[in-house]
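Topology and contacts: notes
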Amino acid sequence: QVQLVESGGGLVQAGGSLRLSCVTSGRTFSSYGMGWFRQAPGKEREFVAGISWSGYSTYYADSVKGRFTISRDNAKNTVYLQMNSLKPEDTAVYYCAVRGSSGAASKVIHEYDYWGQGTQVTVSP
């Protein structure tokens, strides 16, 4: 059974930092693209960052570019999202996801096949 488990969320003041982790199990995901998405209350789930299987290629939403960094450790089946200079508008549930059939990074939500249950990030003013 495939599992993705996010951790590292919490409450932080504006300007602060958090590091999210997503550990995968049940399948080796080192050959596949991975990504982070987020969903704020009343809004659709949106792309945040994506990374190719090698880590060589990364994509970011314009709203987080320069503040967030996605990385991965294939030996640990883990993908990370380092979030700096957090803003109240970053408040959301953050989800990690894996592409089940491609090693490329992607911004397209429906190209991801496996999802975690999410971790809450709350940024206070």
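Within any chain, residue numbers begin from 1 and follow the written order of that chain's sequence. Predicted model: local features are reported for residues with pLDDT of at least 70 only, side-chain atom pairs are reported and counted for 80 or more only, and whole-chain, interface and lining totals are derived from all residues. Values reported for side chains reflect all heavy atoms of the structure, with hydrogen atoms and water molecules removed beforehand.

So, on to the overall build of the protein. Put simply, DSSP H or I for four residues or longer makes a helix, DSSP E for two residues or longer makes a strand, and each gets a number counted from the N terminus. A count of helices and strands for the protein gives zero helices and 11 strands. Ordered by position from N to C terminus, the α and β elements of the protein give β-β-β-β-β-β-β-β-β-β-β. For the protein, the C-alpha radius of gyration of 13 Å lies close to 14 Å, the compact-globule estimate for 125 residues. Principal-axis analysis of the C-alpha atoms places the extent of the protein at approximately 40 × 25 × 25 Å. Only protein chains enter the calculation, and the probe is 1.4 Å; a residue is then buried if its accessible area is under 20% of its type maximum, exposed if over 50%, and partly exposed in between. Looking at the 125 residues of the protein, the share that counts as buried comes to 45%. Note on definitions: a residue-residue contact is assigned when non-hydrogen atoms from the two residues lie within 4.5 Å. Expressed as a percentage of contacts within the protein between residues at least 6 apart in sequence, the contacts between residues at least 24 apart total 60%. Element-wise, carbon and sulfur atoms account for 47% of the exposed surface of the protein, whose accessible area totals about 6300 Å². Neither His nor the chain ends is counted toward charge; the positive residues are Lys and Arg and the negative residues Asp and Glu. Note on charges: their place is set at NZ of Lys, CZ of Arg, CG of Asp or CD of Glu. Of the side chains in the protein, 12 bear a positive and 9 a negative charge, and the two mean positions are spaced by 4 Å. We compute the radius of gyration over the C-alpha atoms and compare it with the globule rule, which gives 2.2 Å times the number of residues raised to the power 0.38. Residue burial considers only the protein chains on display, and all accessible areas are found by Shrake-Rupley using a 1.4 Å probe.

Our next topic: the sheet that holds strand 7 (residues 68–73). One open sheet holds the four strands; their spatial order is 1-3-8-7, and the pairing between them is antiparallel. Both outer strands of the open sheet, strand 1 (3–7) and strand 7, are each paired with one neighbouring strand and no more. Across this sheet, the average inter-strand angle for adjacent strands is 15°, counted without regard to direction. We treat two strands as partners when DSSP finds at least two bridges between them. In terms of strand pairing, strand 3 (residues 18–25) meets strand 8 (residues 78–83) through six bridges, oriented antiparallel. Within the sheet, the bridge partner assigned to Cys22 lies in strand 8 and is Val79. The axes used here are C-alpha line fits, helices contributing only the stretch in contact, and every angle between their N-to-C directions lies in the interval 0 to 180 degrees.

As a further point, take the pairing of strand 11 (residues 119–124). Alternating positions in strand 11 separate cleanly, Thr119, Val121 and Val123 being buried on one face and Gln120, Thr122 and Ser124 remaining unburied on the opposite face. Summarising the sheet, strand 2 (residues 10–13) and strand 11 pair through four bridges and their orientation is parallel. If you follow Gln13 over to strand 11, its bridge partner there is Ser124. Bridging between strand 9 (residues 92–98) and strand 11 involves three bridges; their strand directions are antiparallel. Paired with Ala92 across the bridge in strand 11 is Val121.

So, on to the state of the cysteines. Cysteine sulfurs are considered disulfide-paired once they come within 2.5 Å of each other. Overall, the coordinates contain one disulfide when judged by the stated rule. Note that Cys22 is cross-linked by a disulfide to Cys96, the S-S spacing being 1.9 Å. The sign of the 45° torsion about the S-S bond sets the Cys22-Cys96 disulfide as right-handed. Within this pair, whereas Cys22 is found in strand 3, its partner Cys96 is found in strand 9, the two being separated by 74 residues in sequence. Look at Cys22 and you get buried, because its relative accessible area is 0%.

With that out of the way, let us pick up the packing of aromatic side chains. Aromatic contacts are taken between Phe, Tyr and Trp rings whose centres are within 6.5 Å, Trp giving its six-membered ring; a plane angle under 30 degrees counts as stacked, one over 60 as edge-to-face, and the others as tilted. A full pass over the atoms with the stated rule returns six aromatic pairs. Look at Phe29 and Tyr32: their rings are 6.4 Å apart centre to centre, the planes differ by 70°, and that puts the pair in the edge-to-face class. With respect to class, Phe29 is no different from Tyr32; both count as buried. Consider the rings of Phe37 and Tyr112, whose centres lie 5.1 Å apart with planes at 80°: the pair is edge-to-face. Within this pair, whereas Phe37 is found in strand 4 (residues 34–39), its partner Tyr112 is found in the loop between strand 9 and strand 10 (114–115), the two being separated by 75 residues in sequence. Ring-pair connections join several aromatic residues into one group, and the members of that group are Phe37, Phe47, Tyr112 and Trp115.

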